[in-house]
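Given next are the chains, with one letter for each unit.
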Amino acid sequence: MIEKERILKITKKRISFFLIFVLMFVVTEIGRRVYRPYIYANNIFDFWIADTIGNLTGTITIVFFDFAIVNPTHNAGRIFLAVITIGLIVYEFVQYFSPRSVLDWRDIIATLIGGAISLGIYELLCRQHKEETS
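Criteria and thresholds
Residues numbered from 1 in each chain as written. Predicted model: local features only at pLDDT ≥ 70, side-chain atom pairs only at ≥ 80, totals over all residues. Heavy atoms only, no water. Salt bridge = Lys/Arg side-chain N within 4 Å of Asp/Glu carboxyl O. Helix = DSSP H or I, 4+ residues; strand = E, 2+ residues; numbered from the N terminus. Buried < 20%, exposed > 50% of the residue type's maximum accessible area, 1.4 Å probe, protein only. Phe/Tyr/Trp six-rings, centres within 6.5 Å; stacked < 30°, edge-to-face > 60°.

Hey, could you run me through the pattern of salt bridges in this one?
Pairing between side chains of opposite charge can happen when the charged atoms of each approach one another. This structure, assessed with the given rule, holds three salt bridges. Two residues, E29 and R33, come together in a salt bridge whose shortest N-O distance is 2.8 Å. Highlighted residues: E29 and R33, both in helix 2 (residues 12-41), separated by four residues, approximately one helical turn. When its relative accessible area of 18% is taken as the criterion, E29 is described as buried. R33 gets classed as exposed once you look at its relative accessible area, which sits at 64%. R78 serves as the salt-bridge partner of E123, at 2.7 Å between the closest nitrogen and oxygen. Linking E123 in helix 5 (residues 105-128) with R78 in helix 4 (residues 74-94), this pair joins segments that are 45 residues apart in sequence. Under the relative-accessibility criterion, E123 is labelled buried at 15%.

Explanation requested: the packing of aromatic side chains in the structure shown.
Applying the stated criterion to the full structure yields eleven aromatic pairs. Centre to centre, the rings of F17 and F67 are 5.3 Å apart; their planes meet at 50 degrees, and the pair counts as tilted. Of the two residues, F17 sits in helix 2 while F67 sits in helix 3 (residues 49-70), which places them 50 residues apart along the sequence. Of the two residues, F17 and F67, both sit in the buried class. Seen from their ring centres, F18 and F21 are 5.9 Å apart, and the 50 degrees between their planes marks the pair as tilted. You can see F18 and its partner F21 sitting in helix 2, three residues apart, about one turn around the helix. When its relative accessible area of 45% is taken as the criterion, F18 is described as partly exposed. Among the aromatic residues, ring-to-ring pairing joins F17, F64, F67 and Y122 into one connected group.

The following block contains the structure:
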């Protein structure tokens, strides 16, 4: 699934993966450190976006970070994306057994939405860079 020669190959698609990772990392951190405190401090109802922004944008961040490292083939990327999304959902369930005992169904939904958005972006990139898919 992970091919050594693909890990060493720099392509436009791989650069796109990295740029999406960086952008989403910045968006995630702004959301967590600026947006969330502002929403909480002003008691604004934002349909739970402030509560779930880490899962929504964090999922996209993790997916494209992994893609930037591994540079998967088209089909392998789909598998990676599914495994990452499912892994994040499993992690959410495992948190229930932590000392804080937190399990938020909204975070699970946000993770699924983040996975779906990641899939859409991934498919668009694969179409745009057809010569690089296999």
